[in-house]
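So you can see what is in the structure, the chains are spelled out below.
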Amino acid sequence: MTQFCLSFQNFRSHQRKAHTSEAAINNSLADVTRMTWKMMGLQGITGQDFKTTYLSLAGYEKLLAWFDKMDVNIKTVLNYTKNFMQFMKYVNIDMDLLLVSNDQGEFNRLSCLQIHISNSRSGLDSGVFELHKRQMNSKPMPPAPAEVKRVLTVAKDDFDRAMDELRKKDDSGPILTKTRVAFINRYITAYLCLGQGIRVGAAENMHGSEFQAAYNGERTLSDLGNPHIVVHVANHKTKVSQDCRIALNSYWTDIFYLYFRYVRIIIFRLKNATHPYFFTQSDGRHFKKVSDGIEKLQKQYKVAKITSSTARCAWETWVESRPEAQRKLVADYLCHSAEVARSHYKHGFAKTSIDALAAL
DNA sequence: GTTCATCTGTGCCCCTCTCC
DNA sequence: GGAGAGGGGCACAGATGAAC
């Protein structure tokens, strides 16, 4: 029997060496842990230690049945399986376990199990694709841009009042209550996510220094001659897009500057904060509950809940009626290719089907 | 067109903290 | 002291681009 608690630890360092983010590692390890414990439990194994022999075909099939019984979404089952396969591959090459030389039989057994799970995974993939097609066909049209931005409209007077207070401040002293700071953080990040379709990760990962660099640089003029700044967010990237950009007109440039000078800097001084991020909580910590914040803002102002994902869908769908050049511009700004926009965000097939019938 | 690999976002529960 | 806002963390779901 080969214990693999060692492998479990080494799996983390293995992923770190591959430059996988801590969030992704944690997510992957959590999935593997849950799967393993559940698999053991379903097989009646109550031991506190892990052994590779606990990983079995019967256990995996019982686990699939359990997921089915609990009505877990097939996408989730697929994600669990993917993470688990990655872990199994690692176990078989783990230099500390040395299964291939120390326990050839166990090495072969796990290799066979990997093949079987890989086959099951193909079935899950097909199921997810079918589900995706059904969702794309039945999903209703996303809200119109005005609806997406509703909370920004109804809360604007309160927000402008808060910023006016900041304009009258000098650089010293405590300035804002916890609630006030939370409101400002929520409104500004809601503007980025709902008003511009920026992903919450981009708002969360924007650095103070990135804003400073943009603010101190030259202004870029729009076609109408209005000055803008463009903040490059390097710490949020997808495979193709090397970075994310946040464009701000003169109104928002002023707002961001006020925030940076009278909220972030004073909080940093009072709380001895050191993190690099732009958005800061009243306690000095990194503000990273953007989607929660948007929901709470919408609840506070009694408007419909619209998430950042829905907002992206709404903007992508809205831009469908615009010229091709504009669609590409928007796709690029939202950090994905135009092809991705077509395959992942297009909605309203139900409506277009009815329109087509009417035209026949 | 479909599958694979990976990373990111959302919802919810529960605990802590602030303000009245 | 209590109500409710704020925040941490887990589980699940979705997004995204590359490879096949």
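None of the values given here were measured: they were computed from a predicted structure.

## Things to note about the overall build of chain A
The helix and strand inventory of chain A stands at 18 helices and three strands. Taking all 360 residues of chain A together, 41% fall into the buried category. A separation of at least 24 residues holds for 66% of the contacts in chain A among residues at least 6 apart in sequence. When the accessible surface of chain A is totalled, it reaches about 19,700 Å², and 55% of it is carbon and sulfur.

## Quick look at the pattern of salt bridges
Think of it this way: side chains of opposite charge can pair up when their charged atoms draw near. As enumerated under the stated definition, the model contains four salt bridges in all. Note that D158 is salt-bridged to R161, the shortest N-O span being 2.5 Å. Note that D158 and R161 are positioned in helix α9 (residues 156–167) at a spacing of three residues, about one turn of the helix. Put simply, K289 and D292 hold a salt bridge, and the shortest N to O gap is 3.4 Å.

## A few points about the packing of helix α10 (residues 178–195) against helix α14 (residues 290–300)
Relative to each other, α10 and α14 sit at 105 degrees, their axes nearing to 9 Å. Judged by the inter-axis angle, α10 sits roughly perpendicular to α14. Contacts between α10 and α14 involve F183, R186, Y187, T189, A190, C193 and L194 from the former and V290, G293, I294, K296, L297, Q298 and Q300 from the latter. A class-by-class count of the residues in the contact of α10 with α14 yields eight nonpolar, four polar and two charged.

Definitions and limits used
Residues numbered from 1 in each chain as written. Chains lettered and ligands numbered in written order. Predicted model: local features only at pLDDT ≥ 70, side-chain atom pairs only at ≥ 80, totals over all residues. Heavy atoms only, no water. Helix = DSSP H or I, 4+ residues; strand = E, 2+ residues; numbered from the N terminus. Buried < 20%, exposed > 50% of the residue type's maximum accessible area, 1.4 Å probe, protein only. Contact = heavy atoms within 4.5 Å. Areas by Shrake-Rupley, 256 points an atom, 1.4 Å probe, with all protein chains shown as cover. Salt bridge = Lys/Arg side-chain N within 4 Å of Asp/Glu carboxyl O. Axes fitted to C-alpha atoms, helices over the stretch in contact; angles between N-to-C directions. Parallel < 35°, antiparallel > 145°, perpendicular 65-115°, else oblique. Nonpolar A, V, L, I, M, F, W, Y, C, P; charged D, E, K, R; others polar.

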